[in-house]
Amino acid sequence: MNAENIIRSKRDGRELTREEIEYFIKGLVGGKVADYQAAAWAMAVYFQGMTRRETSDLALAMAYSGEVMDLSAIEGIKVDKHSTGGVGDKTTPVVVPLCAAAGVPVAKLSGRGLGFTGGTIDKFESIPGFRTELSQQEFIDQVNRIKAAVISQTGNLVPADKILYGIRDVTATVDSIPLIASSVMSKKIASGADGIVLDIKVGQGAFMKDLDSATELAESMVAIGLQAGRRVSAVLSDMNRPLGQAIGNALEIQEAVDTLRGQGPGDLTELCLILASHMVYLGGAAPSIEEAHALVKGLLASGQGYSKLCEMVAAQGGQAEDLERIATVNPARLQAEIRSERAGYIESLVTDEIGRIVMRLGAGRERTGEPIDHAVGVKLYRKTGDLVEVNDTLAVIMANDPGKLEVARKAWPGVYNWGDEPPLSRPIILGTVSD
Ligand code: URA
């Protein structure tokens, strides 16, 4: 067996055996398979695809390419959640406390933002004092004590994905269903949870642009979960518009807090309740999704979800007393209100461009390791489907750098597509796929 023959087999459309896949992934991590061979192989997979069996074997080979988290010391059925990445996506600070308040343990490893989508760890780090790095023992103890912890991915978890993702990112091979499914699921399997809820974003601001490919991705991930002995549910949600109104780290934590206090935007609240109900159901705290939904809705309404967030923030060293006004603790110094120069319906929003504008304000990074500014971002006051009059406030941009504010202000009109008729309304939840 050698890498060249494996690349040739895939290039010519043949199905790879489990042994070939394991050989290739081991070789990649061990230095026997070169980066350029992995790039050629990823391109062959991009064009030829993979069967469900190959995709599952790839996910498992990657999952066990390094350390795996042992969560067996945590009592109960551990659940996790993963989003394929979107703009304004702040569901984690809402759903983790809701599940924990329902008694379901969530030991969550999250990532930082890269490109136009934000990262959960960056958002949590906008809370003064919040520690995103805990030792494994602290992490496990905290989940046993209060049922929730969110920390940053550290250690040598899934080294194969780190190498392969870096190669895919610069060789135009990210948007391949088997490669995305195996990349995401390898990390979830290595993170150790028993039940996994996936939020698969669909639309202009997501990897998956249409419902058919998102459904295929979801089915593939659920199948990987089954092979790995994990229960998986996938929720398909709309990303043709940012989620909620706030984009930017502290602004998004503020919106998550508002949501847990019953004052969040409708789309965010609805999606969080659905994700949390799937997690609570997989975690065994309710006999059906419907009953799980009623349970988490009650926990949100009673404020128990919010109390749990405060408890988790305090446990990780954050100033929970600042949470209710987090966006004003260290506010951005500059603001620009964007008013509409025309009347009409907002037919659609160029969601990925909104993400890029906010990233360039300093809220995100183009390259791993770049510093970010937690205070900057955008608040959207009008979204897809809204009827707008001349001079209505469309958005407020918050910045710390006058030059960056000017760049954002100039680019902003380009994020709207206008129409004279109301566009077809799209629900936030587009479907679910379960095992
Ligand atoms: N997110 C991942 O973790 N991997 C992918 O391939 C795409 C999105």
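See the structure printed just above.
In this text, all values refer to a predicted model and were calculated from it rather than measured experimentally.

A. Representation of the overall build of the chain in the model. Per the secondary structure count, the chain includes 17 helices and 13 strands. On C-alpha atoms alone, the chain measures out to a radius of gyration of 21 Å, which is about the 22 Å that the 2.2 N^0.38 rule sets for 435 residues. Expressed along its principal axes, the backbone C-alpha trace of the chain runs to roughly 65 × 45 × 40 Å. Classification of the 435 residues of the chain by burial places 57% in the buried group. Contacts spanning at least 24 positions in sequence make up 79% of the contacts within the chain whose residues lie at least 6 apart. Taken as a whole, the chain presents about 17,300 Å² of accessible surface, with 49% of it coming from carbon and sulfur. For the chain, the separation between the mean place of its 45 positive charges and that of its 56 negative charges on side chains is 2 Å.

B. Representation of the site of the ligand in the model. Every residue close to the ligand is listed here: Y165, R168, I180, S183, V184, K187 and F207. In the environment of the ligand, a nitrogen atom lies 2.6 Å from a nitrogen or oxygen atom belonging to the side chain of S183. Within the side chain of K187, a nitrogen or oxygen atom sits 2.4 Å from an oxygen atom of the ligand. Calculation on the ligand without its partners gives an accessible area of 240 Å², and the protein chains cover 90% of this total.

C. Spatial organisation of the sheet that holds strand β8 (residues 344-349). Overall, antiparallel pairing links the three strands, which are arranged β10-β8-β12 in an open sheet. Looking at which strands have only one partner, the edges of the open sheet turn out to be β10 (387-388) and β12 (416-419). Bridge count between β8 and β10: two bridges; the pairing is antiparallel. Paired with G344 across the bridge in β10 is V388.

D. Structural view of the pairing of strand β2 (residues 106-110). Across the five residues of β2, five count as buried, placing the element largely inside the fold. On β2, burial covers both faces: V106, K108 and S110 on one face and A107 and L109 on the other are all buried.

E. Region of interest: helix α5 (residues 92-101). In terms of residue burial, α5 counts as a mostly covered element, since nine of its ten residues are buried. Remark: G103 follows α5 within two positions and exhibits a positive phi of approximately 90°.

What counts as what
- Residues numbered from 1 in each chain as written.
- Predicted model: local features only at pLDDT ≥ 70, side-chain atom pairs only at ≥ 80, totals over all residues.
- Heavy atoms only, no water.
- Helix = DSSP H or I, 4+ residues; strand = E, 2+ residues; numbered from the N terminus.
- Rg over C-alpha atoms; globule rule 2.2 N^0.38 Å.
- Buried < 20%, exposed > 50% of the residue type's maximum accessible area, 1.4 Å probe, protein only.
- Contact = heavy atoms within 4.5 Å.
- Areas by Shrake-Rupley, 256 points an atom, 1.4 Å probe, with all protein chains shown as cover.
- Lys, Arg positive; Asp, Glu negative; His and termini not counted.
- Charge placed at Lys NZ, Arg CZ, Asp CG, Glu CD.
- Near = heavy atom within 4 Å.
- Polar contact = N/O pair within 3.5 Å; in protein donor to acceptor, adjacent residues only side chain to side chain.
- Pairing = 2+ DSSP bridges.

Honestly, it's all geometry; don't read function into it.
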